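# Architecture at a glance
Listed below are the residues making up each chain.
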Amino acid sequence: MLEKLLKFVHPEWIKIFNEPTSTDATLIDLLEIAVKEVIATGVKSCPDSADKILKAFNVDPNDVKCILMGQDPYMQPGISTGHAFANLGEKWQPSLQIMVRELEKEYQTSDLAQRFDGSLQHWVNQGVLLLNASLSCEQWKPNSHKEIWKPFMTELINKLNYLKVTRESMSSLVFVMLGKEAQSFTPIIQKEWHYIIYRYHPAVETHGDLKFTGFYQEVNKYLAESGQELINWVE
């Protein structure tokens, strides 16, 4: 099963996955444990196909400049694409609808939702790593695989700390942590090297009075400070 998953991972990520972590195990080792635990649950999971579980890692890590982290994949079967918050087709999940609403506010446009690409591929192409704190969940049970993925994600964040520091250009990453599950990993991030933006998860609006607010121009502010190309969030 693991070999099948790794077929969709960029070769540069494979190199990182094979490096020792603070636990001496590699990310490949931790990934294998997580996958076995997911299978051992014996229930249907989301995403619903192997090519989607590690889809966030099918781009060159050297191109990443922003990590956008949510909680876990959409819990409804057939919805998750493997990129956090992304949707295919015209009917979007509430989280993406709310995020696009705030994008419209920041860029003062009223027709964005009609032409916006919900796959979020244009974000990915510009160096946004669309990641969830858990890479899977049981169908209809959000956050159900939280403990399964925690060891892998902890060491992944540790690796991301050094992703740009090893480059000649030595520029910072921008971490956008949406919700408490994503934010639980922030103590690992080297704050003296990287920028961290905190927001509620957009789904909070579907459960109470809390409001999600945008982060798009704040990300670009930090990218500008560190001499990196800005992200065109709109298209």
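Everything below is about the structure printed above this text.
Let us look at the structure shown here. (Residues numbered from 1 in each chain as written. Predicted model: local features only at pLDDT ≥ 70, side-chain atom pairs only at ≥ 80, totals over all residues. Heavy atoms only, no water.)

Once that is clear, we can look at the packing of helix H3 (residues 27-40) against helix H8 (residues 146-161). Following both chains from N to C, one finds H3 and H8 inclined at 155°, their axes separated by 8 Å at the closest point. The angle between the axes of H3 and H8 places the two elements in the roughly antiparallel class. Handedness of the H3/H8 crossing: left-handed. Of the residues in H8, those touching H3 at Leu27, Leu30, Leu31, Ala34, Val35, Glu37 and Val38 are Ile148, Trp149, Pro151, Phe152, Glu155, Leu156 and Lys159. Split into classes, the residues belonging to the contact of H3 with H8 amount to 11 nonpolar, no polar and 3 charged. (Axes fitted to C-alpha atoms, helices over the stretch in contact; angles between N-to-C directions. Helix = DSSP H or I, 4+ residues; strand = E, 2+ residues; numbered from the N terminus. Parallel < 35°, antiparallel > 145°, perpendicular 65-115°, else oblique. Left-handed = near helix turned anticlockwise from the far one by under 90°. Contact = heavy atoms within 4.5 Å. Nonpolar A, V, L, I, M, F, W, Y, C, P; charged D, E, K, R; others polar.)

Relative to each other, helix H5 (residues 94-107) and helix H10 (residues 216-225) sit at 65°, their axes nearing to 9 Å. On H10, the residues touching Met99, Val100, Glu102, Leu103, Glu106 and Tyr107 of H5 are Tyr216, Gln217 and Asn220. Looking at the contact of H5 with H10 residue by residue, the classes come out as 5 nonpolar, 2 polar and 2 charged.

Turning next to the pairing of strand E5 (residues 174-178). Burial runs high along E5: 5 of the 5 residues are buried. Here E5 shows no split at all, with Val174, Val176 and Leu178 on one side and Phe175 and Met177 on the other all buried. With 4 bridges joining them, strand E2 (residues 66-70) and E5 adopt parallel strand pairing. The residue bridging cysteine 66 from the neighbouring strand is valine 174, located in E5. In terms of strand pairing, E5 meets strand E6 (residues 195-199) through 5 bridges, oriented parallel. Within E6, the residue paired with methionine 177 across the bridge is tyrosine 198. (Buried < 20%, exposed > 50% of the residue type's maximum accessible area, 1.4 Å probe, protein only. Pairing = 2+ DSSP bridges.)

The next subject is the layout of surface pockets. Empty space among the atoms becomes visible once a probe the size of a water molecule is rolled across them. When its volume is computed, the largest pocket comes out at roughly 710 Å³. Lining the largest pocket we find 36 residues, and of these Gln71, Asp72, Ser95, His201 and Ala203 sit closest to its centre. Per element, the largest residue contribution to the lining of the largest pocket is 4 residues, and it comes from helix H9 (residues 180-183). Each pocket or cavity is described by its volume, and for the second largest pocket that value is around 230 Å³. The wall of the second largest pocket is formed by 14 residues, among which Met1, Val38, Ser45, Pro47 and Ile53 lie closest to the centre. Those elements that place two or more of their residues in the lining of the second largest pocket are H3 and helix H4 (50-53). For the lining of the second largest pocket, the leading source of residues is H3, giving 3 residues. (1 Å grid on protein atoms, 1.4 Å probe; cavity = no way out; pocket = protein on both sides within 12 Å on 5 of 7 lines; lining within 4 Å. Points joined across faces, edges and corners; volume = space filled by probe spheres on them.)

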